[in-house]
Amino acid sequence: MKKAVSIKNKKHISFFIIILIIISIFLNSISGVFNFSDFALAENSQASQENQTPDLITTDEIFLTQRSSYEILETIENPDIPDRTYNEYSINGQTSPLDYPKYNKYSSNNKNNDNLQGVLEESRKICNYNNTYYDTITDDKKLLLNGVEVGTFYKHDAAIDNYGGNVSDSEPRLKVKLQINPREYGNVITGLYAPAGELIKITIPENMVNKGITITVGAIHQRNHDYYYLIDQINTKNAGKYRMPQLYNQFPALTNTTTNVGNMLGGPIYISGGDEPFEVIVEGAVLYNHFIYGTTTKEQYEQTLTSTAPYFDFEAEFDYYGNLGIRSSLPLIYKDNNLTYDDLNKSGEFWSYAFSVTSAFPDSGKNTVKNILCDAYVSTGMAFAIRGSDLVIAPLSYGNYVFDYDTLINYGNWLIFHELHHLFQGTNTFWGANTWGEATNNSLNALVFSMVTDISGTRTETYRGGASSENWSWVTSGYYCLKELYRTRPETNASNNNSTMVATYSTLVHSFGADIYAKIANYSHSLNYSNENFYKAVCEVTGYNMEYFLNEEMMFGISEETLEKYRSLPLYVPVFNVYGSGQILNMYNQETKTYTPYCNRNRKTFCNSLRTNKKTRLECLFLYFK
């Protein structure tokens, strides 16, 4: 076990190193092997011989809440849906044929300005953009707005192969009783799918009327994406981003016990609102393949495998400071068919632990489930996060990274976590130093990758660990963080260099552990981001003088007044070695772990090397701070 290094004067550092080397040689002469608990080499320590996931934040216990459950009451008669051809739209008084985009399919007409304008307006109309086109669907499929008939509800041409598939006409339409345990923010997966153009009848108890209960049908994306969609297709002619601009239909809060809902394109059904658990009767929907960790049984999951509904939802919730969790949504054809119930269950457990770490950091949204929507249309970059909306938009190919436990535990996935952790950088005010936007989120990657994955356990004297193609694996151990810090640090303005600041934040992660780093982040968030404020937060929370590390080495440019305020504290110097156990006692005498012990793998070989090789023994004590 090690305590954070306290050195009153920098001149003592070299002397400190020499003393440690002398002690190590003396101990070796007695026993032939180091016995420092920091190196996790004690022969009688069973824990040091096994791969372990380091301890997580223990402020509260993990507990799962069953958000929804369903009971199939009966199979109802499948509706007879006449096909309707609707391929013309009036633009500026001219009638032009519309070529509706097929999901993730290329069409040359997507580059035609008139066609795009027509598609955009039509899409907003059929998906009731901002509830401005209709507010009621009658039993005979009339669309009403403020009691006035404005159109007809039908299966739209663009529904064909939407999400890459179609609900079979023979798929059983069901009457289902749902038990909903609402979230304070965000919606709940029902496990039910509305076939395109078919009425879905929703019935709620009298006491839940006017309680803000809202029904959404369709994949929930950012509403204003259709603007970017139009700009993309007209200006950049960027292929591969094609689907209808609007996919989901969100209905006004329920004001009656019985309401008709649906989507002319079809889609999964979600429920939000309500201030207490309630029962819902849904008529006319079909089951779709989904998995909710802690809720979906193996029998239920396997029952949905035969569904022809073309969508899949995965969710793992961790109730820590609210209803945090992760959801990954994607068309069913892009889900790995080899994934079993047990695979998804392991992935759900992984994400629950991952969120036990990140939940303590400033949330940029509503403290609810974060949704990774894997979509045919990503409006900017490879993937992006929308702070304040609890949403990450990613390409279709990324969905399975969320479900693939073996990949997550051995390699992680930098892009997914990078975007996800943008949602934990705060909103309105942000935490961190001047360089925070693409850096503090990556420091949370360091935290999760170190504590929840096995990446750090594969490091060697010359290898950072993890996948050979993963150049970010250095964040998983303090030793390689420091090496990366000094490798990337420029001669001037080090605190403005993004890679160097990722290494700086990650060094603090490994020095003080998850709880303390979360306290730093929240304190910094209360002050807003800046070098000066972050310096204050680190000194105040850790009780250490950060002048050497943050001001001299990282060139923070801290004012003399602030420096003087904290000079009476013990001087902090980052100290790591590649063989460390990742176990520390922080300044509050709390035991924590930040990464996997080096000796978890190839322990015997390393211990033999310690006994026989003086060079290895000296390297083991090398304090890499410069």
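My aim in this report is to walk through the structure given alongside it, one point at a time. This is a predicted model, so every value here is computed, not measured. (Residues numbered from 1 in each chain as written. Predicted model: local features only at pLDDT ≥ 70, side-chain atom pairs only at ≥ 80, totals over all residues. Heavy atoms only, no water.)

With that out of the way, let us pick up the overall build of the protein chain. Helix and strand counts for the protein chain stand at 16 helices and 23 strands. Taking all 626 residues of the protein chain together, the buried fraction comes to 57%. Considering only intrachain contacts with a sequence separation of at least 6, the fraction spanning at least 24 residues in the protein chain is 75%. Here the protein chain has roughly 25000 Å² of accessible surface; of this, 47% comes from carbon and sulfur atoms. (Helix = DSSP H or I, 4+ residues; strand = E, 2+ residues; numbered from the N terminus. Buried < 20%, exposed > 50% of the residue type's maximum accessible area, 1.4 Å probe, protein only. Contact = heavy atoms within 4.5 Å. Areas by Shrake-Rupley, 256 points an atom, 1.4 Å probe, with all protein chains shown as cover.)

Along the chain, Asn533 falls in helix α12 (residues 531–542). Looking at Asn533, the relative accessible area reads 17%, which means it is buried. Within the structure, Asn533 has its side chain in polar contact with the backbone oxygen of Asn528 (distance 3.2 Å). Filtering out sequence-adjacent residues up to four positions away, Asn533 remains in contact with Leu527 and Asn528. (Polar contact = N/O pair within 3.5 Å; in protein donor to acceptor, adjacent residues only side chain to side chain.)

Applying the stated rule across the entire model yields 17 salt bridges. For the salt bridge of Lys370 with Asp390, the shortest nitrogen-to-oxygen distance reads 2.5 Å. On the criterion of sequence distance, the pair formed by Lys370 in strand β19 (residues 369–375) and Asp390 in the loop between β20 (384–386) and β21 (391–395) is long-range, its members being 20 residues apart. By relative accessible area, Asp390 is classed as buried at 8%. Close ionic contact of Lys565 with Glu540 constitutes a salt bridge, the shortest N to O distance being 3.7 Å. Of this pair, Lys565 sits in helix α14 (residues 560–566) while Glu540 sits in helix α12, placing them 25 residues apart in sequence. The structure contains a network of salt bridges with shared partners spanning Arg183, Glu315, Glu317 and Arg327. (Salt bridge = Lys/Arg side-chain N within 4 Å of Asp/Glu carboxyl O.)

The relative placement of two packed helices comes down to the angle between their axes together with the axis-to-axis distance. Here helix α11 (residues 498–527) crosses α12 at 115°, and the two axes come no closer than 8 Å. Along this stretch, α11 crosses α12, giving a crossing that reads as right-handed. Residues Tyr505, Leu508, Phe512, Ile516, Lys519, Ile520, Tyr523, Ser524 and Leu527 of α11 form the contact with α12, whose own contacting residues are Asn533, Phe534, Ala537, Val538, Glu540, Val541 and Thr542. Among the residues forming the contact of α11 with α12, the class breakdown is 11 nonpolar, three polar and two charged. (Axes fitted to C-alpha atoms, helices over the stretch in contact; angles between N-to-C directions. Left-handed = near helix turned anticlockwise from the far one by under 90°. Nonpolar A, V, L, I, M, F, W, Y, C, P; charged D, E, K, R; others polar.)

With that settled, consider the packing of aromatic side chains. Applying the stated criterion across every chain yields a total of 32 aromatic pairs. Relative to Tyr341, the ring of Tyr301 lies with its centre 6.0 Å away and its plane at 50°, an arrangement referred to as tilted. Of this pair, Tyr301 sits in helix α4 (residues 298–304) while Tyr341 sits in helix α5 (residues 341–358); the two residues are 40 residues apart in sequence, bridging distant segments of the chain. Assessed through its relative accessible area of 1%, Tyr301 is described here as buried. Every member of this aromatic cluster is reached through a ring pair, and the members are Phe350, Trp351, Phe355, Trp414, Phe417, Phe424, Phe449, Trp472 and Trp474. Positioned above the aromatic ring of Phe424, the side-chain terminus of Lys370 is 5.4 Å from the ring centre. (Phe/Tyr/Trp six-rings, centres within 6.5 Å; stacked < 30°, edge-to-face > 60°. Lys NZ or Arg CZ within 6 Å of the ring centre and 35° of its normal.)

The next subject is helix α10 (residues 478–488). For α10, the buried fraction is high: nine of the 11 residues fall into the buried class. Turning to α10, its buried residues number three or more, namely Gly478, Tyr479, Tyr480, Cys481, Leu482, Glu484, Leu485, Tyr486 and Thr488. On its buried face, α10 is in contact with α11 and α13 (547–553).

Look at α11: only 21 Å from first C-alpha to last across 30 residues, short of the 44 Å you get at 1.5 Å a residue. Along its length, α11 reaches its greatest deviation from straightness, about 120°, at Gly513. Burial of α11 is extensive: 22 of the 30 residues sit out of reach of the surface. N-capping of α11 is provided by Asn497, with a side-chain oxygen placed 3.2 Å from the backbone N of Ser499. Directly after α11, the chain includes Asn528, whose backbone phi takes a positive value near 80°. (Expected span 1.5 Å × (residues − 1). Bend = angle between axes of the 7 residues up to and from the residue.)

With that settled, consider the side chain of His418. Its place among the elements puts His418 in helix α8 (residues 414–420). On the basis of relative accessibility, which here comes to 11%, the residue His418 falls in the buried class. Apart from the residues within four sequence positions on either side, His418 is in contact with Glu438, Asn441, Asn442 and Asn445.

What follows concerns the nonpolar core. General note: in soluble globular proteins, nonpolar side chains tend to be found buried as a group. By size, the foremost hydrophobic cluster in this structure holds 94 residues, and its most contacted members are Phe314, Ile326, Trp351, Phe361, Ile372, Tyr517 and Met546. Per element, the largest residue contribution to this core is 13 residues, and it comes from α11. Not counting chain neighbours up to four residues away, the residues in contact with Ile326 comprise Phe314, Glu315, Ala316, Trp351, Phe355, Val369, Lys370, Ile372, Val402 and Leu420. (Core = buried A, V, L, I, M, F, W, Y, C linked by side-chain atoms within 4.5 Å.)

Attention now moves to unusual backbone geometry. Although it is not a glycine, Asn146 sits at a positive phi angle of roughly 55°. Turning to its location among the elements, Asn146 is positioned in the loop between β6 (142–145) and β7 (148–152). Its identity is not glycine, yet Asn493 carries a phi of approximately 55°, on the positive side. Inspection of the secondary structure puts Asn493 in the loop between α10 and α11.

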